[in-house]
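What follows is each chain in one-letter form.
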Amino acid sequence: MHRAGFVNIVGKPNAGKSTLLNQLMGEKLAIVTQKAQTTRHRIFGIYNEDDLQIVFSDTPGVLDPKYGLQEKMMDFVKESLQDADVFLFIVDAMDKEEPSEFLIDKLNKIPVPVLLLLNKVDLSNQAELETKVEYWHNKIPKAEILPVSALKAYNTEYILPKLKSLLPENPPYYDKDQFTDKSERFFVNECIREKILLNYDKEIPYSVEVVTEIFKEKEGVILIDSIIYVERDSQKGIIIGHKGDAIKKVGTEARVDLEKFFGKKIHLNLFVKVKKDWRKNERDLKNFGYR
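Residues numbered from 1 in each chain as written. Predicted model: local features only at pLDDT ≥ 70, side-chain atom pairs only at ≥ 80, totals over all residues. Heavy atoms only, no water.

### Remarks on helix H6 (residues 184-199)
Residues that lie three or four places apart on an α-helix share one face, since the helix turns once every 3.6 residues. The end-to-end C-alpha separation of H6 is 23 Å, in line with the 22 Å expected for 16 residues at 1.5 Å each. Of all 16 residues making up H6, 12 are buried, and the element is well covered by its neighbours. For H6, the full list of buried residues reads Phe186, Phe187, Val188, Asn189, Glu190, Cys191, Ile192, Arg193, Glu194, Lys195, Ile196 and Leu197. Check the buried side of H6 and you find it contacts strand S2 (43-49), strand S7 (209-218), strand S8 (221-230), helix H7 (233-240), helix H8 (245-262) and strand S9 (265-274). (Helix = DSSP H or I, 4+ residues; strand = E, 2+ residues; numbered from the N terminus. Expected span 1.5 Å × (residues − 1). Buried < 20%, exposed > 50% of the residue type's maximum accessible area, 1.4 Å probe, protein only. Contact = heavy atoms within 4.5 Å.)

Encoded structure:
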């Protein structure tokens, strides 16, 4: 008997969705930072056992969109609410703000199981945890609630067996040796963007898009040329930094991670170009893969 299905991970920005995906996959597929809106795309992580295939879907955090890019990000979220066999709804146990009523309403209405993961419980005490469990039980009565810490791998070992029991009997949807739906270039782009999120402040990381134009394997070395797009000339100068120090740091950190990911030596060239107000331009958004 083989089980297979789609498990979609949803929640607010910074709840820990990408950290959870990486933990369950045992592989770093999604970039992770402390900044909100780190995830922009919908990423599939394909987990395989002999009698099981789970297609995890990591999505951007639910927010009220303010411009074109955020609208496209929310389209990925809405798409993910249509095609799951099980939902993993991840909630930050320390979040004091009101939850997304849009998402709660959707999860209460959909006819599939919901596993609510109360994340970052390592930062809370027992009394706070009990209060949160009761609160979420009243919000989504059908959800099974599991306190976890995705970062510390606390209670995460219970997630895969639980999902296996909830998924239907199906043949695998993807080849058993496939672990994601994304291309090598996508992971290069995301790795570089992660380093920009970590190394720059304020609006700079959110004004950046990365496109890899050359990805070529040659004699044990991968040759990569990537373009960092920004919205204004002033941002280009900030990305490059004094005598190129800032972009050199980004390139060095990205190369180290990419060599671990691909298991090969990486030769990485970074270029910076201006594409004015690309986050609000429909054509630019489509060209960058936000369809």
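Read on, since the account is not over.
### Some details on the environment of Ile204
Following the sequence through the fold, Ile204 ends up in the loop between H6 and S7. Contacts of Ile204, omitting those with residues within four sequence positions, involve Gln235, Ile238 and Ile239.

### Re the pattern of salt bridges
Applying the stated criterion across every chain, the model contains 22 salt bridges. Measuring nitrogen to oxygen at the nearest pair gives 3.0 Å for the salt bridge that ties Glu101 to Lys139. Residue Glu101 is found in helix H3 (residues 101-109), and its partner Lys139 is found in helix H4 (residues 126-139); the two are separated by 38 residues along the sequence. Bridged by salt links that share partners, the residues Lys28, Glu194, Lys195 and Asp257 form one connected network. (Salt bridge = Lys/Arg side-chain N within 4 Å of Asp/Glu carboxyl O.)

### Quick notes on the nonpolar core
Judged by nonpolar contacts, the single largest core of 34 residues is most densely connected at Phe87, Phe89, Leu107, Trp136 and Ile140. Residue assignment for this core shows that the elements contributing at least two residues are helix H2 (68-80), strand S4 (86-92), H3, strand S5 (114-119), H4 and S8. Of all the elements, H2 adds the most residues to this core, at five residues. Leaving out residues up to four positions away in the same chain, Leu107 has contacts with Phe87, Phe89, Val114, Ile140 and Lys142. In terms of nonpolar packing, the next biggest core, distinct from the first, is built from 28 residues, Leu21, Met25, Leu29 and Ile54 among them. (Core = buried A, V, L, I, M, F, W, Y, C linked by side-chain atoms within 4.5 Å.)

### Looking at the sheet that holds S7
Strand pairing in a sheet is mediated by backbone hydrogen bonds. Such pairs are either parallel or antiparallel. What the three strands build is an open sheet, ordered S7-S8-S9; its pairing is mixed. Single-partner strands in this sheet number two, and they are S7 and S9. Between one strand axis and the next, the sheet turns through 15° on average, direction left out of account. Note that S8 and S9 share 10 bridges and pair parallel. When the sheet's bridge partners are listed, Tyr229 is paired in S9 with Lys273. Lying over the sheet, H6 contacts S7, S8 and S9, oriented at roughly 130° with respect to S7. Where H8 meets the sheet, its contacts fall on S7, S8 and S9, and the angle it forms with S9 comes to roughly 140°. (Pairing = 2+ DSSP bridges. Axes fitted to C-alpha atoms, helices over the stretch in contact; angles between N-to-C directions.)

Shape is all these values report; function is a separate question.
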